[in-house]
Amino acid sequence: MENTSQKNIQSPRGTRDLLPDQIVGWQFLEKVFSEVAQRFGYQEIRTPIFEHTEVFSRVIGENTDVVSKEMYSFQDKGEKYSLTLRPEMTAGAVRAAVQHNLTATGQLQRLWYIGPQFRYERPQAGRFRQFYQCGAECYNASSPESDAELIMFAAMVLQELGLSQYTLHINTLGTAGCREQYVQALVQYLEEKKELLSHDSQVRLTKNPLRILDSKDRGDKAILKDAPILSDYLSEESKQHFTKVLSILEANGYSYTITQSLVRGLDYYSHTVFEFTSSDLGSQDALGGGGRYDSMFEYFGGKHTPSVGFSLGMDRIIMILQKIRPEIFTLPTIDCYIIAMDKTVGEVVQTMAMKMRQNNISVITDLQYRSLKAQMREANKIGAKTVIVIGEEEIKSKQYKVKNMEDGSETLRSEFIG
RNA sequence: GCGAACGUAGCUCAGUAGGUAGAGCAGCGGAUUGUGGUUCCGCAUGUCGCGGGUUCAAGCCCCGUCGUUCGCCCCA
């Protein structure tokens, strides 16, 4: 597997280095997210990047693509157990909540998180093997208000970022019971027309029938026209729950699209599911999504704990920000660039720079003994607000001129030197 | 996992009858030896992703490989 003939080692497939001019955009995104989280009263949680494999395999669903073929799993050294790089954040957060009894007495918990996740997939635009998500979870609330809170939290983040061009798709899957009955009816209907279905959908019929609803195949779509509809199988409570969620969104000015085919890829969802999509992205157009998952705590031996959460795909948000708000990706400027005329004043310049930094002024000096002109050019290029030139004269007189780079004006000063 | 395209200087890319690589930008130096952004002049740069093959000769053709991109699948 090792390709020794390749001289230049590159980052592994589907991973990337985020270089300085990118990082400023990520920092902006992280700041906006944590500020909005604070406004909603959510607290940050950080969980390990790898977990025991069962944390994911049990909860996400053995038949999902994520578990069946996308996990980075490995045997821990000298141990008998298998570990897995997290393919998503929710399962780990719930595991932590159970382990530390965060929800044992039924109290509400509002948590947010941010970090990298890993899935073995074919990379393409907006899809990476190491990708980043930020998201939030609310435990011990079964109310439609809690669903709405999470959706509006996510929507507010997008708004604050300046991403107004998104579509909020929303759907309800009902309770596990409703869904089971529906899946039965759907399978029964589709079994009869199995030969007419696309190959992919024939496989899905046994593995994950709900996904057929989402098929892009024309033939499948035609067959689905007369298929049973999930909403006919919803209980009264499920319907009421969903209606309430929608009315809260409306009352707060959030428009949405009910998308019956929205079923989401992970097995643990019930009731409300939602997804934000953007036309500014390619075929991987989901910016984020989430939903309600009421039974996950029980998988970890916890009490029944109704929960709802969402996560946003940071890589994809960054892609859009680069497109529509390039000004975010400008590096911060420096207060002062001190130019050393020659090697002999190098030390003095360092001392001066340190004194200024101790006074909370950002200072850059040239470390390559370059010419005055080169240093001037660099000061200008990086957008230094002021420039100070230090040579023999300045050291003798203990005075120097501070040049304002914007208007070219100079002021005589004598602090920090000598 | 399937189908398709692409991979040339730090960056964007040209190189279309196969004959030992070019432009713009960025970089560095200079235009009366202590002051930037414009302009002008000069300099440097690449194992043409990697490996193999065909050929007298390959950046251009063939095979493999790695990577990127697009679609499918799936998902954030």
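Residues numbered from 1 in each chain as written. Chains lettered and ligands numbered in written order. Predicted model: local features only at pLDDT ≥ 70, side-chain atom pairs only at ≥ 80, totals over all residues. Heavy atoms only, no water.

1. Observations regarding the overall build of chain A
So the rule is basically this: Secondary structure elements follow DSSP: runs of H or I of four or more residues count as helices, runs of E of two or more count as strands, with numbering from the N terminus. Categorising residues by exposure relies on relative accessible area from a 1.4 Å probe, with only protein chains included: less than 20% of the type maximum marks a residue as buried, more than 50% marks it as exposed, and the intermediate range marks it as partly exposed. Between two residues, a contact is recorded if the distance between any of their heavy atoms is within 4.5 Å. Per-residue and other accessible areas were derived by the Shrake-Rupley procedure at a 1.4 Å probe size, with only the shown protein chains allowed to occlude residues.
A tally of helices and strands in chain A yields 14 helices and 16 strands. Projected onto its principal axes, the C-alpha coordinates of chain A cover approximately 95 × 60 × 45 Å. Classification of the 418 residues of chain A by burial places 47% in the buried group. Contacts in chain A between residues at least 24 apart in sequence constitute 70% of all its contacts with a sequence separation of at least 6. Accessible area of chain A: about 22,200 Å², with a carbon and sulfur share of 49%.

2. Here's the deal with the environment of A286
Relative to the assigned elements, A286 resides in strand 10 (residues 286–292). For the pair A286 and Y166, spaced 120 residues apart in sequence, the C-alpha to C-alpha distance is 9.4 Å. Every residue in contact with A286, bar those within four places of it in the chain, is listed here: E275, F276, T277, L281 and R316.

3. What about the side chain of T259?
This is how the line gets drawn: What qualifies as a polar contact is a pair of N or O atoms within 3.5 Å, subject to a donor-acceptor requirement within protein and to the restriction that residues adjacent in sequence count only when both atoms come from side chains.
Inspection of the secondary structure assignment puts T259 in the loop between strand 8 (257–258) and strand 9 (270–278). Take T259: its relative accessible area is 18%, and that puts it in the buried class. A polar contact of 2.7 Å, which involves the side chain of T259, links it to the side chain of H169. Non-local contacts of T259, meaning those with residues more than four positions away in its chain, are made with H169, I170 and N171.

4. Details of helix 9 (residues 236–251)
The line we're drawing: Helix span, expected: 1.5 Å multiplied by one less than the number of residues in the helix. What the arc describes is the spread of directions from the helix axis to the C-beta atoms.
Taking 1.5 Å of rise per residue, 16 residues should cover 22 Å, and helix 9 covers 22 Å from first to last C-alpha, within 8% of that figure. Considered for burial, the residues of helix 9 that qualify are S238, H241, F242, V245, L246, I248 and L249. All buried residues of helix 9 lie within an arc of 160° about the axis, which places them on one face of the element. Exposed and oriented more than 90 degrees from the buried face of helix 9 are E237, Q240, T243 and A251. Elements that come into contact with the buried residues of helix 9 comprise helix 5 (144–161), strand 7 (166–172), helix 6 (176–192), strand 8, strand 9 and strand 10. After helix 9 finishes, the residue G253 shows a positive phi value of roughly 80°.

5. Overview of the pairing of strand 16 (residues 410–413)
Keep this limit in mind: DSSP bridges decide pairing: two strands pair if at least two such bridges lie between them.
Judged from the four bridges that link them, strand 15 (residues 400–404) and strand 16 form a sheet pairing that is antiparallel. Bridging across to strand 16, Y400 finds its partner in R413. If you look at the hairpin formed by strand 15 and strand 16, you'll find five residues sitting between the two strands, and G408 has a positive phi there, around 80°.

6. A short note on the sheet that holds strand 9
The test is simple: Structural elements are reduced to axes, namely lines fitted to C-alpha atoms, with helices fitted over the stretch in contact, and the angle between N-to-C directions of any two is expressed from 0 to 180 degrees.
Read across the sheet, eight strands follow the order 1-5-6-11-10-9-7-8 without closing on themselves; strand pairing throughout is mixed. If you trace the sheet from one side to the other, it starts and ends with strand 1 (43–44) and strand 8, each paired once. Taken together, the two bridges between strand 7 and strand 8 define a ladder with parallel strand orientation. Paired with H169 across the strands is T257, a residue of strand 8. Contacting strand 5 (109–118), strand 6 (130–139) and strand 11 (307–313), helix 1 (residues 20–39) crosses the sheet at an angle of about 160° to strand 5.

7. Concerning the domain arrangement of chain A
Let me state the cut-off plainly: Domain delimitation follows an automatic or database domain assignment.
Once the domains are mapped, chain A shows domain 1 (20–175 + 246–327), domain 2 (176–234) and domain 3 (336–413). Summarising the inter-unit geometry, the C-alpha centres of domain 1 and domain 3 are found 48 Å apart.

8. Quick look at the packing of aromatic side chains
Definition in use: Pairing of aromatic rings covers Phe, Tyr and Trp, the last counted by its six-membered ring, and requires centre-to-centre distances within 6.5 Å; plane angles under 30 degrees mean stacked, over 60 mean edge-to-face, and any other angle means tilted. Should the NZ of a Lys or the CZ of an Arg lie within 6 Å of a ring centre and within 35 degrees of the ring normal, that charge is described as sitting over the ring.
Tallied over the full model, the rule gives 13 aromatic pairs. Between F33 and F153 the ring centres are 5.6 Å apart and the planes differ by 25°, which places this aromatic pair in the stacked class. Residue F33 is located in helix 1, and its partner F153 is located in helix 5; the two are separated by 120 residues in the primary sequence. Like F153, F33 is buried. Taken together, a centroid distance of 5.0 Å and an interplanar angle of 75° make the contact between F153 and F310 edge-to-face. Of the two residues, F153 sits in helix 5 while F310 sits in strand 11, which places them 157 residues apart along the sequence. Residue classification places F310 among the buried positions, given a relative accessible area of 2%. Against the face of F128 rests R16, its NZ or CZ located 3.7 Å from the ring centre. Sitting over the face of the ring of Y120, R129 holds its NZ or CZ atom 4.2 Å from the ring centroid.

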